[in-house]
Amino acid sequence: NNPKKSGPTLNETFLGLLYPTENYKVYGYLTNTKVKFILVTTDLDVRDADVRNFFRRFHSAYVDAVSNPFHIPGKKITSKIFAERVSTIVKSFGLSSAS
Amino acid sequence: MVREVSESCVESLMAEIVSSYCRGIYANKPELAAPRIESIGFQVGHRLTERYTMDRPRFTDHLEAIKFICKDFWSELFKKQIDNLKTNHRGTFVLQDNRFRWLAHMSVDPSVETSGSIQDPSAMAENKAAQAIGLHLYFPCGIIRGALSNLGIPCAVSADISNLPACSFVIRIKA
């Protein structure tokens, strides 16, 4: 389970491009708590900085979602607010204005 | 946008948790109160680690994780760092806080020494005081255990209050 690390820092959360395929690009992100985010995109023009930004915002939304005391760790996240936030992040992915 | 809660509210809530579980919910089975409180702490610690490790690179080993608990994690929770860290290099760590914030407002009666005349009752009273304080430490022990568990380090955490107002947390990492 050792993804290829393209960045120079060994223990960074952002793992970079995991492997390119013909139609998709797959990016990985590993948190300190061993939670894995996998981003699969069909957009072959995507920039590294955009993906990092995406993961940062997604991580923030994730942390808020699991802070919910009614969320059971390990189970699927059912929060609508989380779904909306992710939707917003996804929609603004790749646009040059980053917040 | 950061929401804040007054610290006195948090302290009152902590005290009430102990009181409710020990004297109310589990009044007939007091030995069940401690694990229950500790597991609430576990859930809290678990979630807090998720939040406080967000912008950090991953830890390389156990010592790094423990140091995170001593510095950043403790600062977020108690506005100070752990004062002293000891280890036997074989999986046991002792974290000493010389003035544990959540015990700071509790009356600790050191004058319950043996007066010389009646040995037993005063020793019992001192034991009761220590016991009562001990009840309030299950929650923070749980927090530490939950935090480390989410970092991939299963362990057992206990508190040592032989040296009040200093409080030591003993972490034993499971092999």
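Worth saying up front: this structure is predicted, and the values here are computed from it rather than measured. (Residues numbered from 1 in each chain as written. Chains lettered and ligands numbered in written order. Predicted model: local features only at pLDDT ≥ 70, side-chain atom pairs only at ≥ 80, totals over all residues. Heavy atoms only, no water.)

Enquirer: Explanation requested: the nonpolar core in the structure shown.
Expert: Grouped together as the largest cluster of nonpolar side chains are 40 residues, with contacts concentrated most on Ile69, Trp74, Leu95, Phe100, Leu148, Phe169 and Ile171 of chain B. Breaking this core down by element, the ones donating at least two residues are helix 1 (7-25), helix 2 (33-52), helix 3 (62-78), strand 2 (92-97), helix 5 (138-150), strand 3 (155-160) and strand 4 (167-173) of chain B. The residues contacting Ile171 of chain B, other than those within four sequence positions of it, are Ile66, Gly91, Thr92, Phe93, Leu95, Ile144, Leu148, Cys155, Ala156 and Val157 of chain B. Phe37, Phe58, Ile89 and Phe93 of chain A belong to the second-largest nonpolar core, a separate cluster that totals 19 residues. (Core = buried A, V, L, I, M, F, W, Y, C linked by side-chain atoms within 4.5 Å. Buried < 20%, exposed > 50% of the residue type's maximum accessible area, 1.4 Å probe, protein only. Helix = DSSP H or I, 4+ residues; strand = E, 2+ residues; numbered from the N terminus. Contact = heavy atoms within 4.5 Å.)

Enquirer: Explain the interface of chain A and chain B here, please?
Expert: In many reports, interface size means the accessible area that the parts give up when they come together. Listed per partner, the contact involves 23 residues of chain A and 14 residues of chain B. Summed over both sides, the interface of chain A with chain B buries roughly 1600 Å², with 48% coming from carbon and sulfur. Taken together, the connections running from chain A to chain B amount to one salt bridge. In this structure, the salt-bridge partner of Asp64 of chain A is Arg51 of chain B, at a minimum N-O distance of 3.0 Å. Counting across the chain A and chain B interface gives nine residue pairs in polar contact (both at pLDDT 80 or more). (Buried area = accessible area lost by both parts, 1.4 Å probe. Salt bridge = Lys/Arg side-chain N within 4 Å of Asp/Glu carboxyl O. Polar contact = N/O pair within 3.5 Å; in protein donor to acceptor, adjacent residues only side chain to side chain.)

Enquirer: What should I look at first to understand helix 5 of chain B in this one?
Expert: Since there are 3.6 residues in each turn of an α-helix, residues three or four apart along the chain are aligned in direction. Residue and element names in this part refer to chain B. In this model helix 5 runs 18 Å from its N-terminal to its C-terminal C-alpha over 13 residues, within 8% of the 18 Å that 1.5 Å per residue would give. Summarising burial for helix 5: ten of the 13 residues are buried, a large majority. Looking at helix 5, one finds that the buried residues are Phe139, Pro140, Cys141, Gly142, Ile143, Ile144, Gly146, Ala147, Leu148 and Asn150. Those residues of helix 5 hidden inside the fold are in contact with helix 1, helix 2, helix 3, strand 3 and strand 4. Positive backbone phi, approximately 85 degrees, marks Gly152, located one or two places after helix 5. (Expected span 1.5 Å × (residues − 1).)

Enquirer: Hey, could you run me through the sheet that holds strand 4 of chain B in this one?
Expert: One key point about sheets: their strands pair by backbone hydrogen bonds, in either a parallel or an antiparallel sense. All names here are of chain B. Sheet architecture is open: four strands sit in the order 1-2-4-3, paired in antiparallel fashion. At either margin of the open sheet sits one strand with a lone partner, and together these are strand 1 (84-87) and strand 3. When strand polarity is set aside, the average angle formed by the axes of neighbouring strands in this sheet is 20 degrees. Looking at chain direction, strand 1 and strand 2 are connected through four bridges and run antiparallel. For Asn84, the partnering residue across the bridge sits in strand 2 and is Gln96. (Pairing = 2+ DSSP bridges. Axes fitted to C-alpha atoms, helices over the stretch in contact; angles between N-to-C directions.)

Enquirer: For this particular structure, what's the right way to read the pairing of strand 3 of chain B?
Expert: Two faces make up the sheet, and in a regular strand the side chains alternate between them. Residue and element names in this part refer to chain B. Of the pairings in the sheet, the one linking strand 3 to strand 4 comprises six bridges and is antiparallel in character. Paired with Ser158 across the bridge in strand 4 is Val170. Hairpin connection between strand 3 and strand 4: a loop of six residues separates the two successive antiparallel strands.

In short, shape yes, function no, at least from these values alone.
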